[in-house]
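Single-letter residue listing:
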Amino acid sequence: MSYATPLEARIARKVAKASIDHRLIEAGDRIMVGLSGGKDSWALLQILDVIRQRAPFPFSFIAVNVDSGYKDFKHDVIRKACEDRGWEIRIEHTEIGEVMDDLLEANATPCSLCARLRRGVLYRIADEEGATKIALGHHLDDFIETLLLNLFFGGALKAMPARLVSDSERHVVIRPLVYVSEQEALDYALACELPIVGCCCPACGDLGLQRQRLKRLIGDLDREHPGIKSSMLKAIQNVHPRHLLDRRLTPLSDLARDLAPGADEATGAQPLPLVRRPTTNASIAG
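Residues numbered from 1 in each chain as written. Predicted model: local features only at pLDDT ≥ 70, side-chain atom pairs only at ≥ 80, totals over all residues. Heavy atoms only, no water.

Novice: Requested: an account of the layout of surface pockets, with residues and values cited.
Specialist: Approximately 280 Å³ is the volume attributed to the second largest pocket. Every residue lining the second largest pocket is listed: Leu147, Leu151, Leu157, Lys158, Ala159, Met232, Ala235, Ile236, Asn238, Val239, His240 and Leu244. Of all the secondary structure elements, the ones that give two or more residues to the lining of the second largest pocket are α6 (140–154) and α9 (228–236). Looking at which element gives the most residues to the lining of the second largest pocket, the answer is α9, with three residues. (1 Å grid on protein atoms, 1.4 Å probe; cavity = no way out; pocket = protein on both sides within 12 Å on 5 of 7 lines; lining within 4 Å. Points joined across faces, edges and corners; volume = space filled by probe spheres on them. Helix = DSSP H or I, 4+ residues; strand = E, 2+ residues; numbered from the N terminus.)

Novice: Lay out the environment of Ser231 in plain terms, naming residues and giving numbers.
Specialist: By secondary structure assignment, the location of Ser231 is in helix α9. Remark: the alpha-carbon pair of Ser231 and Ile144, spanning 87 residues in sequence, is separated by 10.0 Å.

Novice: For the side chain of Glu92, give the residues involved together with the corresponding values.
Specialist: Checked against the element boundaries, Glu92 lands in strand β3 (residues 89–93). Its relative accessible area of 14% is what places Glu92 among the buried residues. Reaching out from Glu92, the side chain makes a polar contact with the side chain of Arg124 at a distance of 3.0 Å. (Buried < 20%, exposed > 50% of the residue type's maximum accessible area, 1.4 Å probe, protein only. Polar contact = N/O pair within 3.5 Å; in protein donor to acceptor, adjacent residues only side chain to side chain.)

Novice: Summarise unusual backbone geometry; cite the residues concerned and give the values.
Specialist: Positioned with a positive phi, Glu169 is a non-glycine residue whose angle comes to about 65°. Its place among the elements puts Glu169 in the loop between β5 (163–165) and β6 (172–174). Given the relative accessible area of 66%, Glu169 is considered exposed. Notably, Glu193 is not glycine yet its phi reads approximately 55°, a positive angle. Mapped onto the fold, Glu193 is located in the loop between α7 (182–191) and α8 (210–224).

Novice: Kindly report on the nonpolar core, identifying the contributing residues and their values.
Specialist: In terms of nonpolar packing, the biggest core is built from 50 residues, with Ile31, Val33, Leu35, Trp42, Leu45, Ile47 and Cys82 touching the most fellow members. With eight residues, helix α2 (residues 39–54) is the single largest residue contributor to this core. Other than its neighbours up to four places away in sequence, Val33 contacts Ser41, Leu44, Leu45, Leu48, Phe61, Ile62, Ala63, Val64 and Ala135. Counting residues in hydrophobic clusters, the runner-up holds 15 residues, among them Met32, Ile62, Leu136 and Val173. (Core = buried A, V, L, I, M, F, W, Y, C linked by side-chain atoms within 4.5 Å. Contact = heavy atoms within 4.5 Å.)

Novice: Report on helix α1 (residues 6–22), specifying residues and quantitative values.
Specialist: Given 3.6 residues per turn, any residue in an α-helix points the same way as the ones three and four places further on. The end-to-end C-alpha distance of α1, which contains 17 residues, comes to 24 Å, matching closely the 24 Å that a straight helix rising 1.5 Å per residue would cover. Packing partners of the buried residues in α1 comprise α2 and α7. Backbone geometry just downstream of α1 places Arg23 in the positive-phi region, at approximately 55°. (Expected span 1.5 Å × (residues − 1).)

Novice: With reference to specific residues and values, describe the pairing of strand β1 (residues 30–34).
Specialist: Within β1, five of the five residues are buried, leaving the element largely enclosed by the surrounding structure. By the alternation rule, side chains of β1 split into Arg30, Met32 and Gly34 and Ile31 and Val33, which are all buried. In this structure, β1 lies alongside strand β2 (residues 60–67), joined through five bridges in parallel fashion. Directly across from Gly34, in β2, lies its bridge partner Val64. For the segment spanning β1, α2 and β2, crossover handedness is right-handed. Inspection of the sheet shows β1 paired to strand β4 (residues 133–135) by three bridges, in the parallel sense. By the bridge assignment, Ile31 is partnered in β4 with Lys133. (Pairing = 2+ DSSP bridges. Right-handed = clockwise from strand over helix to strand, strands pointing away.)

Novice: Describe in detail the pattern of salt bridges, supporting the description with residues and values.
Specialist: For the structure on display, the rule yields 25 salt bridges. Between Glu88 and Arg30 there is a salt bridge, with the nearest N and O atoms lying 3.3 Å from each other. Of this pair, Glu88 sits in the loop between α3 (75–84) and β3 while Arg30 sits in strand β1, placing them 58 residues apart in sequence. One network of salt bridges, in which partners are shared, links Arg30, Glu88, Arg90, Glu92, Arg124, Glu128 and Glu129. (Salt bridge = Lys/Arg side-chain N within 4 Å of Asp/Glu carboxyl O.)

Novice: Tell me about the sheet that holds β3, and name the residues and values.
Specialist: Taken in spatial order, the six strands line up as β3-β2-β1-β4-β6-β5 in an open sheet, and their pairing is mixed. Both edges of this open sheet fall to β3 and β5, since each of them pairs with a single strand only. Here the average twist between neighbouring strands, direction ignored, is 25°. Both β2 and β3 contribute to a ladder of five bridges, which runs parallel. Residue pairing for β3: Asn65 is matched across the bridge by Ile91. (Axes fitted to C-alpha atoms, helices over the stretch in contact; angles between N-to-C directions.)

Following this line, the structure appears as structure tokens:
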């Protein structure tokens, strides 16, 4: 069975590679896809259906839409699109939007809190539906933007894993679009005539948000230096812990072993002794 378009073939290959690299989709899986109605989750759902028909092992999926309770959200459009394509769909109505209004201050950014609340709902539904994996539509650009958000504003060198086991070890979250760019996801969703539905959140698309600012920055860099996004994604997979400053990666006890007595074989230089600073009252006060 051939793919519908070269774009579909390219995305399918990238998802298959991600699955092999990070053990995302396995035989017998029942994958619960978080379907927001946006381009990324639609592209993920569509490509999983394509791959399911070609995979050498059986797996199934169910789409779950978490309705945050915002007025005019078109959950009926989402349901019809899934039913027309024969996809199992569950829509969970919640009051997440109202809860955030109660918890957040007027100028606070709701995105992170909203994500946590929605993730909790998805975990609960995964148990109810017997899902073995929870698939989210984060793409290559999301991984890079998260890396830079943490680096610039969070004081941490981290991004997102393609496969994440929850703290309770009861749920596995997978991100099969890790090698797929945002533009590819958009083009694919449009080519498949999937109805892109906005979340109706008043903060959605706010160009003042930090992530949107970084998106523009990365876009400018990519136009000047094509391939920079792929290089950044490769960097996340090519970590050199010894060249970082995190003391947890190289404890002082390890440094002491490195500075064992004896001259350096290459240079003949003697190692510097470890000097312990006395902890007198004067030094503490000073």
